[in-house]
Amino acid sequence: MADQANTPLGRMLLDEITPAVAKERLKQVITFAGENDVSDLYSDPSPIESVLTTSQSECLPSWFWYFNKELVRTVSFSEHEAFDHPVASLVVVSSKDEEPINKFVDLFNTNQLPSLLNDGAMDPKILKHFLLVHDNLDGTPEKCSDYPFIDAFVGALKVLADMRGTFGLNACRLLCLNSSQDGLADHQENLWAHYQKSDASPGQRLGCFLSMEDLDELTDIMQDLSSKQIIPHMEQKSRVLNQQIRVLGDYAFMLRDYELALSNYRLLSTDYKLDKAWKRYAGVQEMMGLTYFMLDQSRKDAEYSMENAFTTYLRMGSSGQRNATRCGLWWVEMLKSRDQYKEAASVYCRISGEDPLHSAVMLEQASYCYLLAAPPMLRKYGFHLILSGDLYKKCDQTKHAIRTYRAALSVFKRTTWNRIRDHLHFHIGKWYAFLGMSDVAIKHMLEVLDCSYQSKATQELFLRDFIHIVQKTGKTFEVFRLRLPIINISSLKIVFEDHRTFASPAAECILTALLKIQVDVRESLWRSLEEDMIPSLSTTRNNWLDSQPKLMQKKYKESNVCVAGEAIKVDIGFKNPLQVSVSISNVSLICQHSATADEMEPDANSSSSENQNDEVLRKLVSSRELNSDTSSFTLSEVDISLGGGETIVAQLTVTPRVEGVLNIVGVMWKLSGSLVGFHSLEPNITRKKVAKGSRKLKHSKSSNLKFLVIKSLPKLDGVIHHLPKTIYVGDIRRLSLELNNPSEIAVKRLKMKISHPRFLNVGNPEDVNIVFPACLERKDSFAPSNVKVGTKKILDTVFLFLRMQQYMGELPSSGLFGSGLLLLGTFPCT
């Protein structure tokens, strides 16, 4: 409209836009898209398989089309072409204005026209159409121009008659609007949606005073202006444009007379090349390429012309860069319409330019061309998305950077390109943290914590930034299957005590010593010792643990049996995959206790999936059924420091306090004080091997971590102090046996059995402090001892403690006892 052309904005629309203004306008388009037209940053990106099956319109971001349109507009109204030159002017004045005729003349003052019209680059003698607009809401009597105190509409008709007398009968028209007096007209389609200001009130009903007759009149005016004014005017100008061949070609192109346009462009191309008018030569070549495309003629000629135009613009330097970009965009659309997406991608890369924000958009569009190619070029698609994301971040377009990196992640997520995947997760996490979305940031940063293949410097960077993000939130995060440190499930070992357990460190030392000395001891020897101790039972010996499953209900038969008050020990290997040291704290088991198996959660160690195991953990953590002084079990906690690449096996314990069913579900720990890691213990328990013929440690049955907890039972711990590792034949040593009863039930009728009477000689308690008692004097010949003090000799190798019954025959609960002398006889040489 001519009334806007006199404003600075109106003149800018008809003048060449400066590079600074064009850059700012495009930046606003990208920023607006980043704030309003990006996918949900909280949702997971679509897998690449889903992206490949979507259509092009659904795959491409919707704002690409608008950006390219604005980019082409920045090179409009150039002096070397007439393609964007105005061909008509619509001058509009309100019927309420004083002296409307003079207002029409002032609006099209040649002194105020844009520079391209005044300096001859554009034709100043363009078609002019004059429109008088009357608002029917102003129908009350008022002063109107030179016709005071008459009806406003009648005054508007009088003004129209004067306009036709001044400017011509066919050049003037009256438009009446707002015929709906009540303002209740409702239009389903908002005709001003693309031009509505962003700060408009959401409840504002635009056009509510426009009746259907008003809309029909608007449509008729614009159709008449196009068909009866503009097009005939352009056709007439085409017949007289013998002196301006280029304008004739552009007019013919716009009127779809492509043959006439192509013939004029060909003539101009040779002339401009001889005159070395390179910008005009490039512009003509550009239009030739488009004309060949519209005629659907030789693809080779079309691409040859676009290549000539593009390279010529580039040779001009910065002055031709924007024209080269426009040429490239049209070239791309030509290639895409012919499904030449691979070639289109290369053109996008060529027009990326030096401006980082402009390059980011071009590279992203190139990536989608690689995706739409046949077959899809997924690695190039992902690689160009990464390049685009880097440039977006340099221009502070963080949301666009996240969007492109997330799209690239769908490509490299399931490949062996670990370093690229780590790069994506790490930077996405940092950018999410920058936006204050800490939960999603930590989720991505967790993916790079166990990057053992990275350099030490990179590992330090990942770990340092991760801890910084976690601590900056000031919250504690719970992570299931945290991969730092790595839990070595294959090293899992469960140890719980029965009558054949060597569980304490001192006892295991004894076992090791005996294995070294008596390597040929067989299981039959141990059985013979038991038979002499319990002669009243049958030959088939069963202890309380072996016979317990027969008495249990069927639903408990798959469970192990443990005793309330006695600890179950779990050995778990923790491995540091990094080259830097890592410290974890509060390492403990996660257990679940119930009165019966029916109340137990689904077994986390059955054949269920990882998700089910994690679900059990989540329920336990949310209910906080962990270690406490008043709970049905107590847990141990340890702190571990792991050097680079180090693996440490930690022993964790759980001690059930009441009867019922205990299930060991997983393990938990703290990393950096603000991150709690959980890991389920899946069934992959190994059994420790010991030397052939020796006793085996008792482990959980069927790789099961479920235990039936029964009431407390008697228990006796014993240790021999100062047991020598080596002894000579005939050498006699004094040893002390210390017995401990940690249970709540007294131990009665204590017996001791030795395999041969020569190996052990029982002494008296009062002889412990004697320097060299008489019983240790060397004798020339061996005679079986007949010790009567404190013991009763049942057999040559079986002793029942009598006189010392108050100490040893019936040990009180939680009591200690230092026995009399246990004297070793001769041992084989070692």
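Reading the values: the criteria
Residues numbered from 1 in each chain as written. Predicted model: local features only at pLDDT ≥ 70, side-chain atom pairs only at ≥ 80, totals over all residues. Heavy atoms only, no water. Pairing = 2+ DSSP bridges. Helix = DSSP H or I, 4+ residues; strand = E, 2+ residues; numbered from the N terminus. Axes fitted to C-alpha atoms, helices over the stretch in contact; angles between N-to-C directions. Parallel < 35°, antiparallel > 145°, perpendicular 65-115°, else oblique. Left-handed = near helix turned anticlockwise from the far one by under 90°. Contact = heavy atoms within 4.5 Å. Nonpolar A, V, L, I, M, F, W, Y, C, P; charged D, E, K, R; others polar. Buried < 20%, exposed > 50% of the residue type's maximum accessible area, 1.4 Å probe, protein only. Core = buried A, V, L, I, M, F, W, Y, C linked by side-chain atoms within 4.5 Å. Expected span 1.5 Å × (residues − 1). Arc of directions from axis to C-beta. Salt bridge = Lys/Arg side-chain N within 4 Å of Asp/Glu carboxyl O. pLDDT = per-residue confidence, 0-100. Disulfide = S-S within 2.5 Å. Phe/Tyr/Trp six-rings, centres within 6.5 Å; stacked < 30°, edge-to-face > 60°.

Enquirer: Would you take a moment to explain the sheet that holds strand 7 (residues 568-575) for this structure?
Expert: Where strands meet in a sheet, backbone hydrogen bonds hold them as pairs that are either parallel or antiparallel. Here we have four strands laid out as an open sheet, ordered 5-7-11-9, and antiparallel in their pairing. What marks the edges here is a single partner per strand, and that holds for strand 5 (486-495) and strand 9 (633-635). Averaged over all neighbouring strand pairs, the angle between strand axes comes to 20°, with direction disregarded. Bridging between strand 5 and strand 7 involves six bridges; their strand directions are antiparallel. Looking across to strand 7, one finds that V495 is bridged to K569.

Enquirer: How should I be thinking about the packing of helix 13 (residues 278-295) against helix 15 (residues 321-337) in this particular structure?
Expert: For any two helices packed against each other, one specifies the inter-axial angle together with the distance between the axes. Following both chains from N to C, one finds helix 13 and helix 15 inclined at 15°, their axes separated by 11 Å at the closest point. Taken together, the axis directions place helix 13 and helix 15 in an arrangement best described as roughly parallel. As helix 13 packs across helix 15, the resulting crossing turns out to be left-handed. Packed against helix 13, whose contacting residues are K279, E286, M287, G289, L290 and F293, the element helix 15 presents N323, R326, C327, W330, M334 and S337 at the interface. Looking at the contact of helix 13 with helix 15, its residues break down into six nonpolar, three polar and three charged.

Enquirer: What's the story with the pairing of strand 13 (residues 675-680) in this structure? I'm lost.
Expert: By the criterion of burial, strand 13 is predominantly enclosed, with six of the six residues buried. Side chains of strand 13 alternate between two faces, with L675, G677 and H679 and V676, F678 and S680 buried alike. In the sheet, strand 4 (residues 477-480) pairs with strand 13 via four bridges, with the strands oriented parallel. By the bridge assignment, F477 is partnered in strand 13 with L675. Of the pairings in the sheet, the one linking strand 12 (residues 660-671) to strand 13 comprises six bridges and is antiparallel in character. Note on strand 13: the bridge partner recorded for G666 is S680.

Enquirer: Help me understand the sheet that holds strand 3 (residues 172-177), please; the structure alone is not making it clear to me.
Expert: Pairing in this open sheet of three strands is parallel, and the strands run 1-2-3 from one edge to the other. The open sheet has two free edges, formed respectively by strand 1 (88-94) and strand 3, since each of these has just one partner strand. Averaged over neighbouring strand pairs, the angle between their axes works out to 25° when direction is ignored. Inspection of the sheet shows strand 2 (residues 127-135) paired to strand 3 by six bridges, in the parallel sense. Residue pairing for strand 3: D135 is matched across the bridge by L177.

Enquirer: Help me understand the nonpolar core, please; the structure alone is not making it clear to me.
Expert: A general feature of soluble globular proteins is that nonpolar side chains tend to end up buried together. Within the largest apolar cluster, 80 residues are counted, with the highest numbers of intra-cluster contacts made by F67 and Y381. Per-element accounting of this core gives the leading share, ten residues, to helix 17 (residues 356-372). Residues in contact with F67, not counting those within four places in the same chain, are L26, V29, I30, V361, M362 and Q365. Ranked by size, the runner-up nonpolar core spans 51 residues in total, among them F477, L482, A564 and I640.

Enquirer: Even after reading the chapter, I still don't get helix 13, so can you show me in this structure?
Expert: Taking 1.5 Å per residue as the helical rise, helix 13 with its 18 residues ought to reach 26 Å, and the 25 Å between its terminal C-alpha atoms agrees with that figure. Judged by how many residues are buried, helix 13 sits mostly within the fold: 13 of 18 residues are covered. Following helix 13 by one or two positions, D296 has its phi on the positive side, about 55°.

Enquirer: How should I be thinking about the side chain of N68 in this particular structure?
Expert: Counting through the fold element by element, N68 comes out in helix 6 (residues 63-73). Once you skip the residues sitting within four places of it in the chain, N68 turns out to touch L329, Y348, M362 and Q365.

Enquirer: Looking at this model, I keep getting lost on helix 7 (residues 100-107). Mind explaining?
Expert: An α-helical turn contains 3.6 residues, so a residue and the one three or four places further along point in the same direction. Buried within helix 7 are the following residues: P100, F104 and L107. Within helix 7, the buried residues cover an arc of 70° as seen down the axis, which keeps them to one side.

Enquirer: Looking at this model, I keep getting lost on the pattern of salt bridges. Mind explaining?
Expert: Between side chains of opposite charge, a pair can form as their charged atoms come close. Counted under the stated rule, the structure contains 13 salt bridges. Between D224 and R173 there is a salt bridge, with the nearest N and O atoms lying 2.8 Å from each other. Residue D224 is located in helix 10 (residues 212-240), and its partner R173 is located in strand 3; the two are separated by 51 residues in the primary sequence. On the basis of relative accessible area, R173 is assigned to the partly exposed category, the value being 25%. A salt bridge links D571 to K493, with the shortest nitrogen-to-oxygen separation between them at 3.4 Å. Here the residue D571 occupies a position in strand 7, and K493 occupies one in strand 5, the gap between them amounting to 78 residues.

Enquirer: How should I be thinking about the confidence of the model for the protein in this particular structure?
Expert: For residues with low pLDDT, the predicted coordinates do not support detailed interpretation. Considering every residue of the protein, the mean pLDDT works out to 76; 71% of them sit at 70 or more. Scored below 50 in pLDDT, residues 1-13 shows 22 contacts in the model against residues more than four places distant or in partner chains. With pLDDT under 50 throughout, residues 603-608 is counted as low confidence; its partners more than four residues away or in other chains account for 17 contacts.

Enquirer: How do you make sense of the packing of helix 18 (residues 378-394) against helix 20 (residues 418-434) when you look at a structure like this?
Expert: Their axes nearest at 12 Å, the elements helix 18 and helix 20 cross at an angle of 30°. With respect to helix 20, the element helix 18 is oriented roughly parallel. The two elements helix 18 and helix 20 meet at a crossing, and its hand is left-handed. Within the contact between the two elements, helix 18 uses I386, G389, D390 and K393 and helix 20 uses I420, H423, L424 and W431.

Enquirer: Before we go on, may I ask you to explain the state of the cysteines in this structure?
Expert: Structurally, a disulfide amounts to a covalent bond that connects the sulfur atoms of two cysteines. What the rule picks out here adds up to zero disulfides. Unpaired in terms of disulfides, C349 finds its nearest cysteine sulfur in C369, a separation of 8.9 Å.

Enquirer: Which parts of the structure should I look at to understand unusual backbone geometry?
Expert: With the exception of glycine, the majority of residues adopt a negative phi angle, and the majority of peptide bonds are in the trans configuration. Note that the residue after A374, namely P375, is joined by a cis bond; omega there is 0°. By secondary structure assignment, the location of P375 is in the loop between helix 17 and helix 18. Residue P485 is reached from L484 by a cis peptide bond, and omega for that bond is -5°. Examined against the element boundaries, P485 turns out to sit in the loop between strand 4 and strand 5. Positioned with a positive phi, N178 is a non-glycine residue whose angle comes to about 60°. As for its position among the elements, N178 is in the loop between strand 3 and helix 10. Despite not being glycine, R256 shows a phi value in the positive range, around 65°.

Enquirer: When you look at the packing of aromatic side chains in this model, what are you seeing that I'm missing?
Expert: Two numbers describe a pair of aromatic rings. These are the distance of the centres and the angle of the planes. All told, the structure shown has 15 aromatic pairs when counted by the stated rule. Judged by centre distance (6.3 Å) and plane angle (85°), the rings of W63 and F67 are edge-to-face. With W63 and F67 both in helix 6 and four residues apart, this pair spans about one turn of that helix. The class for W63 is buried, based on a relative accessible area of 5%. The interplanar angle of 80° and the centroid separation of 6.3 Å between the aromatic rings of F574 and W669 together place this pair among those described as edge-to-face. Linking F574 in strand 7 with W669 in strand 12, this pair joins segments that are 95 residues apart in sequence. In this structure F574 comes out as buried when scored by relative accessible area, which is 0%. Given a relative accessible area of 0%, W669 falls into the buried group. Following the ring pairs from residue to residue traces out a cluster consisting of W63, F64, F67, Y368 and Y381.

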